[in-house]
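Geometric and topological summary
Here's the letter readout for the chains.
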Amino acid sequence: MSRHKVPLRDGIAAASAYVGWDRPLQTYFAQVLSAPDEDGEEIELVWVGTDFGELPRAVDAIRVLKPYCHIDASLAAQLEIDRMACLATRDGPNQLEAKAFMARLSQMKDRSEPEA
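These remarks concern the structure in this document. All figures in this text were calculated on a predicted structure; none of them were measured in a lab.

Thresholds, definitions, all that
- Sequence order as written defines the numbering, with residues in each chain counted from 1.
- With the structure being a predicted model, the display of local features is reserved for residues of pLDDT at least 70 and the display and counting of side-chain atom pairs for 80 or more, all residues being used for whole-chain, interface and lining totals.
- Side-chain metrics in this entry use all non-hydrogen atoms of the structure; hydrogen atoms and water are not considered.
- Only protein chains enter the accessibility calculation, which uses a 1.4 Å probe; a residue is then buried when its area is under 20% of its type maximum, exposed when over 50%, and partly exposed in between.
- Labels follow the DSSP assignment, with helices taken as runs of H or I lasting at least four residues and strands as runs of E lasting at least two, numbered in each case from the N terminus.
- Any two strands between which DSSP finds at least two bridges are classified as paired.
- A carboxyl oxygen of Asp or Glu within 4 Å of a side-chain nitrogen of Lys or Arg is what we treat as a salt bridge.
- Side-chain rings of Phe, Tyr and Trp, where Trp is taken by its six-membered ring, are said to pair if the distance between their centres is within 6.5 Å; with planes under 30 degrees apart they count as stacked, over 60 as edge-to-face, and otherwise as tilted.
- Consider the ring centre and the ring normal. A charge sits over the ring if Lys NZ or Arg CZ is within 6 Å of that centre and within 35 degrees of that normal.
- Whenever a nitrogen or oxygen atom comes within 3.5 Å of another N or O atom, the pair is scored as a polar contact, on the condition that within protein one atom can donate a hydrogen and the other can accept it, and that pairs from neighbouring residues in sequence are kept only if both atoms are in side chains.
- What makes two residues a contact is simply this: any of their non-hydrogen atoms within 4.5 Å.
- In this analysis, axes come from line fits to C-alpha atoms, helices being fitted only over the stretch in contact, and the angle between any two N-to-C directions falls in the range 0 to 180 degrees.
- The nonpolar core is taken to be a set of buried Ala, Val, Leu, Ile, Met, Phe, Trp, Tyr and Cys residues, with the residues joined through side-chain atoms within 4.5 Å.

Here the focus is the pairing of strand β2 (residues 16–22). Burial analysis of β2 places 7 of its 7 residues in the buried class, which makes it a mostly covered element. Here β2 shows two buried faces, one formed by Ser16, Tyr18, Gly20 and Asp22 and the other by Ala17, Val19 and Trp21. Bridge count between strand β1 (residues 4–5) and β2: 2 bridges; the pairing is antiparallel. Bridge assignment links Lys5 to a residue of β2, and that residue is Tyr18. Sheet topology places β2 next to strand β3 (residues 27–33); 7 bridges connect them, and they run antiparallel. Looking across to β3, one finds that Val19 is bridged to Ala30. The antiparallel pairing of β2 with β3 creates a hairpin that spans 4 residues between the two strands, and Gln26 there sits at a positive phi of about 50 degrees.

Pasting the structure below:
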């Protein structure tokens, strides 16, 4: 997994933004977070790339961040390097079980939704 802090544009009501590659989910992700609240918790203003294969290309994640952030021209290349650096990495036992658990949850959700 990679994670890069991306500088915010002036006037954006957020505290931080991140983009990266999540190898187990095979997706890029983008996050824009608020300043911590009174409990010290950051609130996700934007968080995409949490589902398997949701953002398959670096440009997909960058496009999400563009309204909030200054995007360096080299960011897409770095994100692709991040993805390629872990191509030979396989899931360990914990990741395999987590994926199986997510699949079971998805099946339960599908069965509980009424048919159209």
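Okay, the pattern of salt bridges next. For the structure on display, the rule yields 4 salt bridges. The salt bridge involving Glu80 is made with Arg83; its shortest N-O contact spans 2.4 Å. Of this pair, Glu80 and Arg83 both sit in helix α2 (residues 75–85), 3 residues apart, which is roughly one turn of the helix. Across the pair Glu97 and Arg104 runs a salt bridge whose closest N-O atoms are separated by 3.1 Å. We classify Glu97 as partly exposed; its relative accessible area is 44%. Look at Arg104 and you get partly exposed, because its relative accessible area is 39%. The structure contains a network of salt bridges with shared partners spanning Arg57, Asp60 and Arg63.

Before going further, it helps to examine the packing of aromatic side chains. Each aromatic ring pair is described using two quantities: the centre-to-centre distance and the angle formed by the ring planes. What the rule picks out here adds up to 1 aromatic pair. Taking NZ or CZ as reference, Arg3 lies 3.6 Å from the ring centre of Tyr18, over its face.

Moving on: the side chain of Asp60. With respect to the secondary-structure elements, Asp60 resides in helix α1 (residues 58–65). Residue class for Asp60 comes out buried when judged on its relative accessible area of 12%. Within the structure, Asp60 has its side chain in polar contact with the side chain of Arg57 (distance 2.8 Å).

So, on to the sheet that holds β1. In spatial order, the strands read β1-β2-β3-β4; together these 4 strands make up an open sheet with antiparallel pairing. Each edge of the open sheet carries a strand with a single partner, namely β1 and β4 (44–48). As judged from the 4 bridges shared by β3 and β4, these two strands associate in the antiparallel manner. The partner of Leu33 across the bridge, within β4, is Glu44. Against the sheet, α2 contacts β1, β2 and β3, and its axis sits at roughly 40 degrees relative to β2.

The next subject is the nonpolar core. Counting 18 residues, the largest nonpolar core has Val19, Tyr28, Leu65 and Leu79 as the members making the most contacts within it. Secondary-structure elements contributing two or more residues to this core are β2, β3, α1 and α2. Per element, the largest residue contribution to this core is 4 residues, and it comes from α1. Every residue in contact with Leu65, bar those within four places of it in the chain, is listed here: Val6, Ala17, Tyr18, Val19, Ala30, Gln31, Val32 and Ile71.

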